[in-house]
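One-letter residues, chain by chain:
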Amino acid sequence: MPRRPADIDLLPAPRIAVSPRRGLRREEAALYVGVSPSKFDEMVRDGRMPKAKRVDGCVIRDIRRPDLARDALGGDDAEANPWD
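Parameters and conventions
- Positions within a chain are numbered from 1, following the residues in the order the chain's sequence is written.
- Restriction of local features to residues with pLDDT of at least 70 applies here, the model being predicted, together with a cutoff of 80 or more for giving and counting side-chain atom pairs; totals for whole chains, interfaces and linings are based on all residues.
- By convention in this description, side-chain values take in all heavy atoms of the structure and omit both hydrogens and water.
- Helix and strand definitions here come from DSSP, where helices need a minimum of 4 consecutive H or I residues and strands a minimum of 2 consecutive E residues; each element is numbered from the N-terminal end.
- Exposure classes here rest on a 1.4 Å probe applied to the protein chains alone. A residue is buried below 20% of its type maximum, exposed above 50%, and partly exposed in between.
- Paired strands, as defined in this entry, are two strands with at least two bridges between them according to DSSP.
- Here the nonpolar core consists of buried residues drawn from Ala, Val, Leu, Ile, Met, Phe, Trp, Tyr and Cys, with membership extended through side-chain atoms lying within 4.5 Å.
- What the arc measures is the spread of directions leading from the helix axis to the C-beta atoms.
- Whether two residues are in contact is decided by their heavy atoms, any of which lying within 4.5 Å being enough.

Novice: In this structure, what is going on with the overall build of the chain? I would like to understand it.
Specialist: Tallying secondary structure elements over the chain gives three helices and three strands in all. Secondary structure elements of the chain, listed N to C terminal, follow the sequence β-α-α-β-β-α. Evaluated residue by residue, the chain yields a buried proportion of 15% over its 84 residues.

Novice: Before we go on, may I ask you to explain the sheet that holds strand S1 (residues 23-24) in this structure?
Specialist: Each strand in a sheet pairs with its neighbour through backbone hydrogen bonds, running either in the same direction (parallel) or in the opposite one (antiparallel). A sheet is described by the order of its strands in space; here three strands give the open sequence S1-S3-S2, paired in antiparallel fashion. Each end of this open sheet is capped by a strand with a single partner; those strands are S1 and strand S2 (53-55). In the sheet, S1 pairs with strand S3 (residues 58-62) via two bridges, with the strands oriented antiparallel. Bridge pairing links Gly 23 to Asp 62 in S3.

Novice: What am I meant to see in the pairing of S3 here?
Specialist: Regular strands have side chains that alternate between both faces of the sheet. Pairing analysis gives three bridges linking S2 to S3, with the strands arranged antiparallel. Each residue of the ladder has a partner; that of Arg 54, found in S3, is Val 59. Linking two consecutive strands that pair antiparallel, namely S2 and S3, is a turn of two residues; a positive phi of about 55° is found at Asp 56 within it.

Novice: Just to check I follow, could you spell out the nonpolar core for this structure?
Specialist: Counting 10 residues, the largest nonpolar core is built from Leu 24, Ala 29, Ala 30, Val 33, Phe 40, Met 43, Val 44, Met 49, Ile 63 and Ala 69. Where this core is concerned, the elements lending two or more residues are helix H1 (26-33) and helix H2 (37-45).

Novice: Just checking my understanding: could you explain H2 for this structure?
Specialist: An α-helical segment advances 3.6 residues per turn. Residues three or four places apart therefore align on the same side. Of the residues making up H2, those classed as buried are Phe 40, Met 43 and Val 44. Relative to the axis of H2, the buried residues are bounded by an arc of 100° and lie together on one face. As for H2, its buried residues are in contact with H1 and S3. Of the residues one or two after H2, Gly 47 is the one with positive phi, at around 90°.

Novice: Teacher, can you tell me more about the environment of Arg 25 here?
Specialist: Mapped onto the secondary structure, Arg 25 falls in the loop between S1 and H1. Each C-alpha atom of the pair Arg 25 and Cys 58 lies 8.3 Å from the other, and the pair is 33 residues apart in sequence. The residues contacting Arg 25, other than those within four sequence positions of it, are Cys 58, Val 59, Ile 60 and Arg 61.

Structure, rendered in structure tokens:
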């Protein structure tokens with residue numbers, strides 16, 4: 001069995017991505033809703049998206065709150081959707 005190089009233990013542990021997650025960071029929340037982070041910030045400022053919660057040093061959003069806010073957004077539904 002080949003030996004591992006001695007410095008392999010010095011490498012940082014890989015970050016584990018858990019999906020789905022309930023807490024989202026700003027960029028993740030924007031991606032989840034389908035807008036850019038700057039558009040998401042605008043939507044938070046004008047009340048269309050919920051504000052984040054600060055947990056110690058982290059600013060996170062409960063995935064259910066942007067989900068509900070996204071459902072409540074108006075839109076141009078007059079155009080027929082071929083997928084319906």
